[in-house]
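Each chain is listed here by its residues.
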Amino acid sequence: MDTRKYYIAMARNLTDGRTVKTQDLDGHKESNKQFAEFAAADLAKKMNKRSRDKWIGFVQLHPRTSRK
């Protein structure tokens, strides 16, 4: 089993606590924290434009698992 880690770019709504995440449709898993932080900030900026609430970006570390 592959135990390496990857980062997920996410954004949280500061008003009600909702959380959204990005997902690469090609299945790419981001292993570079700086790239994930940039994507999270971009996601929060997009969510701020779509909503009157304030959103903040953050990254979450996840273990990478292999499927068999």
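Given the structure is predicted, the values throughout are model-derived calculations rather than measurements.

Cut-off values and rules
Residues numbered from 1 in each chain as written. Predicted model: local features only at pLDDT ≥ 70, side-chain atom pairs only at ≥ 80, totals over all residues. Heavy atoms only, no water. Pairing = 2+ DSSP bridges. Helix = DSSP H or I, 4+ residues; strand = E, 2+ residues; numbered from the N terminus. Axes fitted to C-alpha atoms, helices over the stretch in contact; angles between N-to-C directions. Contact = heavy atoms within 4.5 Å. Expected span 1.5 Å × (residues − 1). Polar contact = N/O pair within 3.5 Å; in protein donor to acceptor, adjacent residues only side chain to side chain.

Q: With reference to specific residues and values, describe the sheet that holds strand β2 (residues 19-21).
A: Taking strand neighbours across the sheet as the criterion, the 3 strands line up as β2-β1-β3 in an open arrangement whose pairing is antiparallel. The open sheet terminates on both sides in strands that have one partner only, identified here as β2 and β3 (55-63). Strand-to-strand twist across the sheet, computed as the mean angle between neighbouring axes with direction ignored, equals 35°. Two strands pair when backbone bridges link them, and strand β1 (residues 5-13) and β2 are joined in this way by 3 bridges, in the antiparallel orientation. Bridged to Ala11 within β2 is Val20. Where helix α1 (residues 33-50) meets the sheet, it contacts β1, β2 and β3, and its direction lies at approximately 140° from that of β3.

Q: Could you give an account of α1, naming the residues involved and the relevant values?
A: Compared with the 26 Å implied by 1.5 Å per residue over 18 residues, the 26 Å span of α1 between its first and last C-alpha is a close match. Contact partners of the buried residues in α1: β1, β2 and β3. For α1, the capping residue at the N-terminal end is Asn32, with a side-chain oxygen 2.9 Å from the backbone nitrogen of Gln34.

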